[in-house]
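Survey of secondary and tertiary structure
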Amino acid sequence: GTSGGGGAAKGPASGSVMARKAAARRPTARSGGGGNGAGILRFYTDDAPGLKIGPTTVLVLSLLFIAFVVLLHIWGKFRKG
């Protein structure tokens with residue numbers, strides 16, 4: 001009973017020390033990853049090359065594509081039977 005309670009008291013303390021050590025190591029390990037984030041943001045600027053369509057257009061086209069696939073599945077069922 002009491003030894004288990006003592007172990008539970010030591011667990012979080014040692015875990016927080018380990019978490020602090022891991023947190024101290026993270027920024028150095030991810031310093032290269034931060035530069036890649038800025039590279040990805042290039043694609044969202046106004047001067048990025050490529051096709052410019054809005055989110056509503058993407059949503060409508062994707063819903064139309066889904067409806068087309070569903071219709072093809074229904075048509076395939078009737079044609080097969």
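Quick caveat: nothing in here was measured; it's all calculated off a predicted structure.

1. Section: the overall build of the chain
The helix and strand tally for the chain stands at 3 helices and 0 strands. The linear arrangement of helices and strands in the chain, starting from the amino end, is α-α-α. In the chain, buried positions account for 1% of the 81 residues. A total accessible area of about 7400 Å² is found for the chain, and carbon and sulfur atoms account for 69% of it.

2. A look at the confidence of the model for the chain
Within the chain, residue pLDDT values average 72, and 51% of them lie at 70 or more. Summarising per-element confidence for the chain, the mean pLDDT is lowest in helix α1 (residues 2-29) (54) and highest in helix α3 (residues 55-80) (96).

3. Here we look at a nonpolar patch on the surface
Together, Leu59, Leu63, Phe65, Ile66, Val70, Leu71, Ile74 and Phe78 line one region of the surface with nonpolar side chains, adding up to about 860 Å² of accessible area. Take Phe78: it is sitting in helix α3.

Thresholds applied
- Residues numbered from 1 in each chain as written.
- Predicted model: local features only at pLDDT ≥ 70, side-chain atom pairs only at ≥ 80, totals over all residues.
- Heavy atoms only, no water.
- Helix = DSSP H or I, 4+ residues; strand = E, 2+ residues; numbered from the N terminus.
- Buried < 20%, exposed > 50% of the residue type's maximum accessible area, 1.4 Å probe, protein only.
- Areas by Shrake-Rupley, 256 points an atom, 1.4 Å probe, with all protein chains shown as cover.
- pLDDT = per-residue confidence, 0-100.
- Patch = residues over 30% accessible without salt bridge, like charges linked within 9 Å, V, L, I, M, F, W, Y side chains within 5 Å.
- Salt bridge = Lys/Arg side-chain N within 4 Å of Asp/Glu carboxyl O.

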